Amino acid sequence: MRKYRLITLAVTLLIAVAICWWGWRDRDRVVPWLVNPWLGGDRIHSAQGLQLSTDAISADSLEILLASGASIQLRDLRLRHPLGALFGDEDNRSQLTIAGLTYHPGPAPLEPDEAATEIPHEESEAEPKLYLSELLQLLRRKLPRQIDIDKLQWAGPEPRSGRLSLRRENGDTIRGVLHSGDLEAQWQLVVQDADARLLARISSATGESILQLDGSADRQAKKEWHGELRLQADLEQLAALPPIAGTVTGAGGEFSLRIESQFPDQLLNLEGYGRTVARLSAKSLHIPLPEDPIGAPLQLSADTLEPLSVDLASLWPLTPRQLSGSANIRILSPGAEQGTLLELQLDARTPRDAPLLTASGNLDLRAAAPLLQSARWRELLSPVAISSPKGSFSFRGTAELLPLAEMDAQRRRNPLRRFTVTLLPKGNANAVVGSSDEGSLLAQMGWNRGTVDLQLPAPVTIAAARWPGRVQIETETVQIGARESAEALSLDTTLKNISCRLEEDIQCTLFQESAISQLEFDGIDIRQLQTDGQVEFSRKDEQQHLRLINPSLSTGEIRTETVQVKSATLKSAEMECTRHKQDFKCFGASADIELGALSGPEFQLKGALALNDLHFASAASRLRARARYQSDELQLRARNQYQLKASVAGDLAAEGNQLSGNNRLRSGALAIESEWRHQLDSDAGSATFTVEPATFSQQQPLSDSIEGLPVDLVAGELSAKGRLSWPAAQRDFLDARLDKVAAVYGDVFAVGITGQLSSGRKGDNWIASRPQPFTAETLDIGVPVENIRFAVSLDEKRDLVLTGVRAELLDGALETRELRWNLDGEARSGLVNLSGISLRTLTRELETENFAATGTVDLQIPLHTGDEGITVKQGRIEARPPGGRLRYYGAFSADMLSANPQLKLVAGALEDYKYRELSGTVEYPPSGDMQMQLKLVGRSESVAADRDLIINLNLENNIPAMLRSLQASRDLTEALEKQL
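On a predicted model such as this, the values are computed, not experimentally measured, just so you know.

S.K.: Please explain the overall build of the protein as it appears in this structure.
M.R.: Tallying secondary structure elements over the protein gives 15 helices and 53 strands in all. Each of the 980 residues in the protein was classed as buried or not, and the buried ones make up 37%. Within the protein, counting contacts between residues at least 6 apart in sequence, those at least 24 apart form 48% of the total. Taken as a whole, the protein presents about 56,800 Å² of accessible surface, with 54% of it coming from carbon and sulfur.

S.K.: Would you take a moment to explain the pattern of salt bridges for this structure?
M.R.: Scanning the model with the defined rule gives 34 salt bridges in all. Between D613 and R628 there is a salt bridge; the shortest N-O distance is 2.7 Å. Placement of the pair is D613 in strand β32 (residues 603-619) and R628 in strand β33 (residues 622-638), with a sequence separation of 15 residues. A relative accessible area of 38% means that R628 is categorised as partly exposed. The closest approach of N and O atoms between R939 and D948, which form a salt bridge, is 3.0 Å. Each member of the salt-bridge network shares a partner with another, and the members are D795, D799, E818, R820, E826 and R828.

S.K.: Would you mind going over the nonpolar core with me for this structure?
M.R.: A general trend in soluble globular proteins is that nonpolar side chains are found buried together. Core analysis: the biggest nonpolar cluster contains 54 residues, and F696, V857, L859, I877, Y913, Y915 and L918 have the highest contact counts within it. When residues in this core are grouped by element, the largest group, five residues, is from strand β51 (residues 913-924). With near-sequence residues (within four places) excluded, L859 lies in contact with V832, N833, L834, I837, R876, I877 and V922. Counting 28 residues, the second largest nonpolar core, distinct from the first, contains L50, I174, F263 and Y273.

S.K.: Quick question: what am I supposed to make of the pairing of strand β45 (residues 812-822) here?
M.R.: Along any regular strand the residues' side chains alternate between the sheet's two faces. When strand β44 (residues 799-809) meets β45, the two strands line up antiparallel, connected through ten bridges. For A807, the partnering residue across the bridge sits in β45 and is L814. Count of turn residues in the β44/β45 antiparallel hairpin: two residues, of which L810 carries a positive phi of about 50°. Bridge count for β45 against strand β46 (residues 828-838) is three bridges, and the pairing is antiparallel. Looking across to β46, one finds that L814 is bridged to L834.

S.K.: Would you take a moment to explain the environment of R666 for this structure?
M.R.: Examined against the element boundaries, R666 turns out to sit in strand β35 (residues 658-667). Residue classification places R666 among the partly exposed residues on the basis of a relative accessible area of 45%. Not counting the four nearest positions on each side in its chain, R666 is found in contact with A646, S647, A671 and E692.

S.K.: Quick question: what am I supposed to make of the state of the cysteines here?
M.R.: Covalently bonding the sulfur atom of one cysteine to the sulfur atom of another cysteine gives a disulfide. Considering all chains together, one arrives at two disulfides under this definition. Between C500 and C508 runs a disulfide, and the two sulfur atoms are separated by 2.0 Å. One disulfide, between C500 and C508, carries an S-S torsion of 125° and so falls in the right-handed class. For C508, a relative accessible area of 15% corresponds to the buried category. Two residues share a disulfide in this structure: C577 and C586, whose sulfurs sit 2.0 Å from each other. Taking the torsion about the sulfur-sulfur bond, which here is approximately 115°, the covalent link between C577 and C586 counts as right-handed.

S.K.: What am I meant to see in helix α11 (residues 839-846) here?
M.R.: Those residues of α11 lying buried are L839, T841 and T843. Along its buried surface, α11 packs onto β46, β47 (851-853), β48 (856-866) and β51. Capping the start of α11 is the job of one residue whose side-chain oxygen sits 3.4 Å from the backbone nitrogen of R840: S838. Once α11 finishes, E847 follows within two positions and takes phi at roughly 55°, a positive value.

S.K.: Sorry, what's going on with a nonpolar patch on the surface here?
M.R.: Judged by side-chain polarity, L130, L135, L138 and L268 come together as a nonpolar surface patch covering roughly 300 Å² of accessible area. Secondary-structure assignment places L268 in the loop between β13 (252-264) and β14 (276-289).

S.K.: Can you walk me through the pairing of β13 in this structure?
M.R.: Bridge count between strand β12 (residues 224-234) and β13: eleven bridges; the pairing is antiparallel. Residue R230 lies in a different strand from β13, and its bridge partner there is R258.

S.K.: Hey, could you run me through unusual backbone geometry in this one?
M.R.: With the exception of glycine, most residues fall at negative phi, and the peptide bonds are largely trans. In this model, W726 is joined to P727 through a cis peptide bond whose omega is -5°. Summarising the element assignment, P727 is placed in the loop between β39 (711-726) and β40 (733-745). The linkage connecting P881 with the following residue, P882, adopts the cis geometry, with an omega of 5°. You can see P882 is positioned in the loop between β49 (869-879) and β50 (884-888).

S.K.: I keep staring at the packing of aromatic side chains and nothing clicks. Help me out?
M.R.: We describe a pair of aromatic rings using the distance from one ring centre to the other and the angle between the two ring planes. Applying the stated criterion across every chain, the model contains three aromatic pairs. Ring centres 5.9 Å apart and planes at 10° place the aromatic pair F774 and F790 in the stacked group. Taken together, the residues F774 in strand β42 (residues 765-780) and F790 in strand β43 (residues 784-794) connect sequence positions 16 residues apart. Looking at F774, the relative accessible area reads 11%, which means it is buried. Note on F790: relative accessible area 24%, which makes it partly exposed. Between F851 and Y888 the ring centres are 6.0 Å apart and the planes differ by 70°, which places this aromatic pair in the edge-to-face class. Taken together, the positions of F851 in strand β47 and Y888 in strand β50 put the pair 37 residues apart, joining distant regions of the chain. According to the relative accessible area criterion, F851 is partly exposed, its value standing at 29%.

S.K.: Help me understand the environment of T420, please; the structure alone is not making it clear to me.
M.R.: Looking at where T420 falls in the secondary structure, it is placed in strand β20 (residues 416-423). Sequence-wise, T420 and A464 are 44 residues apart; in three dimensions their C-alpha atoms are separated by 6.5 Å. If near-sequence neighbours (up to four positions away) are discounted, T420 is found in contact with R396, G397, T398, T461, I462 and A463.

S.K.: Quick question: what am I supposed to make of the side chain of S674 here?
M.R.: Position of S674 among the secondary structure elements: in strand β36 (residues 670-679). Beyond its immediate chain neighbours, meaning those up to four positions away, S674 contacts G661, N662, N663, T688 and F689.

S.K.: Sorry if this is basic, but what is going on with helix α13 (residues 901-910) here?
M.R.: Quick reminder: α-helices carry 3.6 residues per turn. Residues three or four places apart thus point the same way. If you check which residues of α13 are buried, you get A907, G908, A909 and L910. The inward-facing, buried residues of α13 contact β50, α12 (894-899), β51, β52 (929-940) and β53 (949-958).

What counts, and where the lines are drawn
Residues numbered from 1 in each chain as written. Predicted model: local features only at pLDDT ≥ 70, side-chain atom pairs only at ≥ 80, totals over all residues. Heavy atoms only, no water. Helix = DSSP H or I, 4+ residues; strand = E, 2+ residues; numbered from the N terminus. Buried < 20%, exposed > 50% of the residue type's maximum accessible area, 1.4 Å probe, protein only. Contact = heavy atoms within 4.5 Å. Areas by Shrake-Rupley, 256 points an atom, 1.4 Å probe, with all protein chains shown as cover. Salt bridge = Lys/Arg side-chain N within 4 Å of Asp/Glu carboxyl O. Core = buried A, V, L, I, M, F, W, Y, C linked by side-chain atoms within 4.5 Å. Pairing = 2+ DSSP bridges. Disulfide = S-S within 2.5 Å. Polar contact = N/O pair within 3.5 Å; in protein donor to acceptor, adjacent residues only side chain to side chain. Patch = residues over 30% accessible without salt bridge, like charges linked within 9 Å, V, L, I, M, F, W, Y side chains within 5 Å. Phe/Tyr/Trp six-rings, centres within 6.5 Å; stacked < 30°, edge-to-face > 60°.

That's the geometry; what it means functionally is another story.
In structure tokens:
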């Protein structure tokens, strides 16, 4: 049994010896493997030439990778008396020498989007702990007595090299010197059981101080310390030191910092920090601000007038107790003509238990030019381009920090109270504003490039009871002016009584007055546009609400290529609009429109129009609108001749690309109802209308409804209905009915017109293919035509056809089978027969004093119509047996008769001439001068009574003039009343 135990022991010892021999043989790999788990995330990456003994530890090279990604490379490392450093002897005699140490900074931090892709740790690491007492003991017991690094290298963006020497004297005092180029850093740390003191200085080769540090820590209790730190530095030279070098360019000035604090032994326990007082002084301090996201290089400059002092009751949560000090702060724009963008004097005091901050300063917009020219701001403002800013704003403000007693967890979210900033009067801003996109709203309004000016005649107050929190903005007046370079647009706006509340939601009220001298927009030219009214605006989440109270809009003139409006106004009691995301809706109970004159090439419209129940809405990019309208007196003048005074009422609607509506119009005896639709995308539509039966009288004629018509209706009844389309459609029609209508045309009138006309579309023309009968009791053209009967039609050749015409004229009859009149002026012809015409009745109607005739004649009139009007060629006239009597006397003067014996003979015969035969021809040219060549056979008692006397007579008379004379000789009103 004992034999087996000896064998087991021998084998175990052999294995242990073998492992030790292998570990010593491969110590360059084994030592890092054993040590890395104890380095807390850092690790030894490689070791070469490692030698271990109780007297010394050395290595030819050693590379350590830090958890941050940085690395440290050591060359020719030698640690003498290592046991003192490893076990912390009271008399630690260890010495460390390194021929070379190179530090390589880690990679740049990940961008936010890259960092977001990192996989989080499944378990959070324990909170790190660092005890000051342990750190001081570590320095006293384990720091080597002597450390020398012959070549210390920084391999960052700005590489530097140096030499480090560190000595620990008497176990409590540590002195160090670092030489790097023309810089020298010296420090001395005195470490005791209950206190420590640090003195440090960085200076240049000339001995000029760059940074001075003086710090001390005294133990107050087992787990509490009291510390002071004093720091003075030259920022320009400090920024050249690694690892700052290359990251901050252009910094400069001097600052000093003094911190006094009650802090815990566990340095990383922020909640354990007690009262902390920090005092900062700065002289000509300037720090460049990051160009991203500002967009252009800016610089922050500061000078303290009185050291800024912060007295904190606790560091976490941050609880200010007292603030004091004052400083001048400036934001500089190096590339601007005027370099100071913002100048601010900040003052902090704690008069009672609440720290008070006061500030005053000035914002100079000239220094904002480089910002506006930067790519970031051009993209942000696009399609608006702003340049050449001018003007300035002066301001002052105050704010209180919450008192210490109120600094509970809930109220710390709003650390400021009674926050107020006031923009002082006479502030102004001016800039050149242009449009970088021809399709933008500005460009469509005619604005290409111009100046915009803003003035603050009254102070603007920005206040908050607590901040962050609800902010209130108020001012009495803001003035805005805009002038387009080509004078396409000129705007002057005054905003009054502005009050805005800004929080998670926004609410604003103001009164606005605007005047635009000229506005050009999408082919519309507007002159002397003025608007005013109360505006209320609010926004909550994604919903916006706009309310206009007593809005008013007026314009002196509006012009398009075809339409002109003069002196138009629009007023409403209230309008409301709501927008949610891309959808909106608006409502107005009423609105009044007053038109001085709306004119086009062929019309003019005047009057007042009342709109009611206005609704506008847009959902899914589809517009819907509707409204009711009404006018008690609307005046329409067409072709500078026809004038209509009417009351109208109806409804308008729009949905998508379709407009529709209905209309009810009343003017005098006329009442018209219509419905219409119009497609905006195709520019097509249609309308149907109905003229309700209208009864006319001499007291209420058609001219009371429509002035300027060539025809007036003074009796009877008219009704109509129809359908019109644009462009024309085959379904279009027109039906009109006349019942015992009396019409007046100049001095011509017709009574008892009855009939119905129905027409429709065929191709491009209106036609009435079926002859439609009409009757008239009397047509008075100077000579009465009675009992008229005819049928009318309109064919595809645009021929107006009268068929079966019959009438009574001068105790005779007028008949024709067919008459045609082409509406395009083409030549047409027909034959009119006049039979049984009484010459006695004719002479009675003519009321001539020197002519009388009896007898009956028949006429055949070949009637020709065309572009020259009505003409007659080779018409025939012939008297019926037994003839008649002519008496024509007093037509010639005595001198004419004495000079012409033959004329004297004829004149004597015509004074009492009995004819048996009368025949001849009739000609009627376009001039209206009718020519008749007559041959009379008969006898005269005064000349050769016993034999026949043949007379050839040429008569010429202007028929239109004769008819006008006959019309003028009678009283039209009296003649019409007799017929009615």
